[in-house]
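# Working through the structure, step by step
Each chain, letter by letter, is given below.
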Amino acid sequence: MVKMSLVQDNALDLIARPGQITPGIELPLDHDGSPAGDARRQQEGRPYGVPDLSHYPEHVRQIDEARFAALWLRDVPVFDPRHFGDAGSVYDPFVNLGYLAGAMKNVVLGTAAVVLPLRHPMMVAKAADFRSLRSAAGQGRGAFISAFRLDLADDPDEGVTPRRFAARLGRHAFLDHMARLQGVGGDHLAVLLRLSRRPVPEVIDELATDVLPHLNSAGAQKTGAA
C-alpha cells in the first residue's frame, strides 16, 4: 500500500499555506472506535470496522461549510474483519471522489492511500492525474501531510493520553501538537475521528469554532511578518 496525496497543484496551495499549518478530516465520519460508538454498532448489527454511513451527506457538508482545508479517503478494496478489521470509507475512492466533488465547494479532496497491487497503475494514473517528477516539471515543493487519530476531550485543558497512531487530548493540547508539527515542516494534518468518544458533528463543530480560527489567525500573522 502506498501513501499518496493525489491532488492538483492549485489544490496544494490551499493545503500548504505559507506560515500556516492546516487541518483536514479523514473519512469515515463515525466514532465506532469509542466504547459508546462500538456499543451502538453492535446494536445496529454492523460488522466491526464497517462505518455508519446514514449521516454521511450531512457530515461532509458540515466539514465543507466549516471550511476545513481538505477531506481525505482511504482505499480498502478487501474487507478482512479477522486480520485488518477496517472497511475504510467503504466506497471505491475514485468513485467517492466524484460524488464529493459534486457535493462540496470549499475543501480539497484527496486519497490518503491507494492499494496499488490490486489496481492497474495506468488506471490509477489516469484517475488521479499523478505527477511523479515535480522538480523536472518546474513545480513547487508540494506539501508535507501527516495523519492523526483524534479523541478530542470535552475539557479543553485535558492533557495528552497517547494511543497507537492517536491521542486523547483537549483542544489546547491539540493546538500545541499542530504548532509542533508546523515547526518541523508540516503543512497539513488529516484528522480521523473514529476513536472519538464524542459525536462526530460535535467534534467537527468545536474544531471549526475554536481551532480553525486560531490557526488561520496565526498563519495570517506569520505571513504578514514575513
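Residues numbered from 1 in each chain as written. Predicted model: local features only at pLDDT ≥ 70, side-chain atom pairs only at ≥ 80, totals over all residues. Heavy atoms only, no water.

## Quick word on the pattern of salt bridges
Selection rule: Here, a salt bridge means any Lys or Arg side-chain nitrogen found within 4 Å of an Asp or Glu carboxyl oxygen. Buried means the residue's accessible area, taken with a 1.4 Å probe over protein chains only, is under 20% of the maximum for its type, while exposed means over 50%, and partly exposed covers the values in between. We count a stretch as a helix when DSSP gives it H or I for four or more residues in a row; a strand needs E for two or more, and each element gets its number in order from the N terminus.
Summed over all chains, the structure comprises 17 salt bridges. For aspartate 32, the salt bridge is made with arginine 40, and the minimal N-O distance between the two is 3.8 Å. For aspartate 32, a relative accessible area of 6% puts it in the buried group. A salt bridge links arginine 40 to glutamate 44, with the shortest nitrogen-to-oxygen separation between them at 3.9 Å. Of the two residues, arginine 40 and glutamate 44 both sit in helix α2 (residues 35–44), four residues apart, roughly one turn of that helix. Look at arginine 40 and you get partly exposed, because its relative accessible area is 29%. Exposure remark for glutamate 44: the relative accessible area of 44% places this residue in the partly exposed category. If you follow the salt bridges from partner to partner, you end up with Asp30, Asp32, Arg40, Glu44, Arg46, Asp52 and Arg194 in one network.

## Examining the side chain of glutamate 206
Cut-off, in case you're wondering: In protein, a polar contact requires one atom able to donate a hydrogen and another able to accept it; more generally it is a pair of N or O atoms within 3.5 Å, and residues adjacent in sequence count only if both atoms are side-chain atoms. Should any heavy atoms of two residues lie within 4.5 Å, those residues are considered in contact.
With respect to the helices and strands, glutamate 206 occurs in helix α7 (residues 200–225). Judged by relative accessible area, which is 8%, glutamate 206 ranks as buried. Among the polar contacts made by the side chain of glutamate 206, one reaches the side chain of arginine 198 at a distance of 2.8 Å. For glutamate 206, the residues in contact, after removing those within four places along its chain, are Leu152, Arg171, Arg198 and Val211.

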